[in-house]
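Observations on the model geometry
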Amino acid sequence: MIYLLFFVGIVGLATSTLYAFLAMLGSLRFATQRRRASAGSFHPPATLFKPLHGSEPDLEAHLDSFFQQDYPEYEILFCSRRQDDAGLAIARKVAARYPQIPVKFLVSGEPHYPNAKVWSLELMHQAAAHDIFVISDSDVSVTPQYLREVIASFANEQVGLVTCLYRGVGKGSLWSRLEGVGMSVEMSAGVLVARMFEGMKFALGPTMAVRRSCVDQFGGFRVLGFYHADDFMLGRLVAANGKLVVLSSHVVDHYILNTSFRSSMQHQIRWMKSTRFSRPKGHLGTALTFGMPYTVLAAGGALLWNRPLWAALFFCWGWLTRFVLALVVGGAVVHDSDTLKSALLYPLRDVSGFLFWAASYLNRGVRWRGQTFLLLEDGVMRTDSVESKSEALLTT
């Protein structure tokens, strides 16, 4: 058994080191792309979609950043489930400070789909005045150059969707900081490696800019209504219809709302499960990208064989690759405000990420917005009350 564990540790160290090298190569390519990027003079009018669900920490400041765009013509659409939604009230307060920006406030009522966000997107689609849709989450904050840099890629008529990497901004607890480091480093590294090998065939939820014509081509947002990972499916459908999905050089701030261990753990396992069902083969292979668990196996095996020098070398090898990976991705890609601190935390995050990955195989259930769903093939969400409706929509 010791030999087997030691062998697994050595193999895992090798594969995770190779992965770290590829991620760093992808990071350098991304940094080069950013240096060459130019917003240009292509500034078509755009509609910003902002789904809301209650109040959140710093929501007013996050929404305010979208009203400060250095962009000639855009409107903002807010949509919540209820007229008295606290988030919608905050949006009205912020909008009142910017009367020059056209704004619409929509109320969706009870969602028609398991993915309530998609029901809001469908209503905003109908109300949008422009043909470039920029969808972003409520816990995202942006700079005034955001729209210029994201929409610039649409100057190429073949581009159907533009998405962005994001910095995870965690405050107030170790758990939120670890989740933030996971977003900034682990998620970004995975995206950059995937882009190198297969191109962009998915989108990232914090920003999804898409042409109206592309949404209409695959049947409208309603098609996404029964999928947990609506961002992944949106990019997948746009790419399947022959349009390019582009990763913008712009990076946004994504604020972590989960400050307790329990809430952070539940959130991360839910998204690991979502990836497991959306991209089952890729998710299984993710096990070989985590370095620290294999470091522990290799070093532990060496110690049991009374080889303390080997154990020290294996541990330094594993820890150093995680540290350097976080330095490169955090510095060259997402421009983390405290790259060194994030790099020091990342080996610990690497261990917890592996545990979340393992937990994603325990069952199919996810808890979202106070409701429990089962995840099926391709990440379809099912409850007893929507099962027949889900099957009917997916077969049309």
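Throughout what follows, the structure given in this document is the object of discussion. (Residues numbered from 1 in each chain as written. Predicted model: local features only at pLDDT ≥ 70, side-chain atom pairs only at ≥ 80, totals over all residues. Heavy atoms only, no water.)

Side note on the overall build of the protein
What the protein contains, in helices and strands, is 14 helices and 11 strands. For 396 residues, the compact-globule formula gives about 21 Å, and the C-alpha radius of gyration of the protein, at 22 Å, lands near that figure. Within the protein, contacts between residues at least 6 apart in sequence are counted, and of these 80% link residues at least 24 apart. Split by element, the accessible area of the protein, about 17,400 Å² in all, is 60% carbon and sulfur. Across the protein, the centroid of the 38 positively charged side chains sits 5 Å from that of the 31 negatively charged ones. (Helix = DSSP H or I, 4+ residues; strand = E, 2+ residues; numbered from the N terminus. Rg over C-alpha atoms; globule rule 2.2 N^0.38 Å. Contact = heavy atoms within 4.5 Å. Areas by Shrake-Rupley, 256 points an atom, 1.4 Å probe, with all protein chains shown as cover. Lys, Arg positive; Asp, Glu negative; His and termini not counted. Charge placed at Lys NZ, Arg CZ, Asp CG, Glu CD.)

Examining the pairing of strand 3 (residues 103–107)
Where strand 2 (residues 74–80) and strand 3 come together, five bridges link them in parallel fashion. Each bridged residue has a counterpart across the sheet, and for Phe 78 the counterpart in strand 3 is Phe 105. Between strand 2 and its parallel partner strand 3, the chain crosses via helix 3 (residues 86–95), and the hand of that crossover is right-handed. (Pairing = 2+ DSSP bridges. Right-handed = clockwise from strand over helix to strand, strands pointing away.)

Some words on the sheet that holds strand 5 (residues 140–141)
With mixed pairing, the eight strands of this open sheet are ordered in space as 3-2-1-4-7-6-8-5. Across the chains shown, the open sheet's two edge strands, defined by having one partner strand only, are strand 3 and strand 5.

Examining unusual backbone geometry
Notably, Asn 306 is not glycine yet its phi reads approximately 60 degrees, a positive angle. With respect to the secondary-structure elements, Asn 306 resides in the loop between helix 11 (292–304) and helix 12 (308–333). The phi dihedral of Asp 378 falls on the positive side, at around 70 degrees, and the residue is not glycine. Secondary-structure assignment places Asp 378 in the loop between strand 10 (371–375) and strand 11 (381–382).

Focus on the environment of Thr 259
Looking at the element boundaries, Thr 259 is found in the loop between strand 8 (244–255) and helix 9 (261–278). Remark: the alpha-carbon pair of Thr 259 and Gly 170, spanning 89 residues in sequence, is separated by 8.1 Å.

Quick word on the sheet that holds strand 10
Taken together, three strands build an open sheet; the order of strands is 9-10-11 and the sheet is antiparallel. Of all the strands in the sheet, the pair left with one neighbour each is strand 9 (365–368) and strand 11. Strand direction decides the pairing type here: strand 9 and strand 10, joined by four bridges, are antiparallel. For Val 366, the partnering residue across the bridge sits in strand 10 and is Phe 373.

Some remarks on helix 13 (residues 339–359)
Its 21 residues place the ends of helix 13 29 Å apart at the C-alpha level, agreeing with the 30 Å of an ideal helix rising 1.5 Å per residue. The largest bend along helix 13 measures about 40 degrees and falls at Tyr 346, with the proline Pro 347 one to four residues further on. (Expected span 1.5 Å × (residues − 1). Bend = angle between axes of the 7 residues up to and from the residue.)

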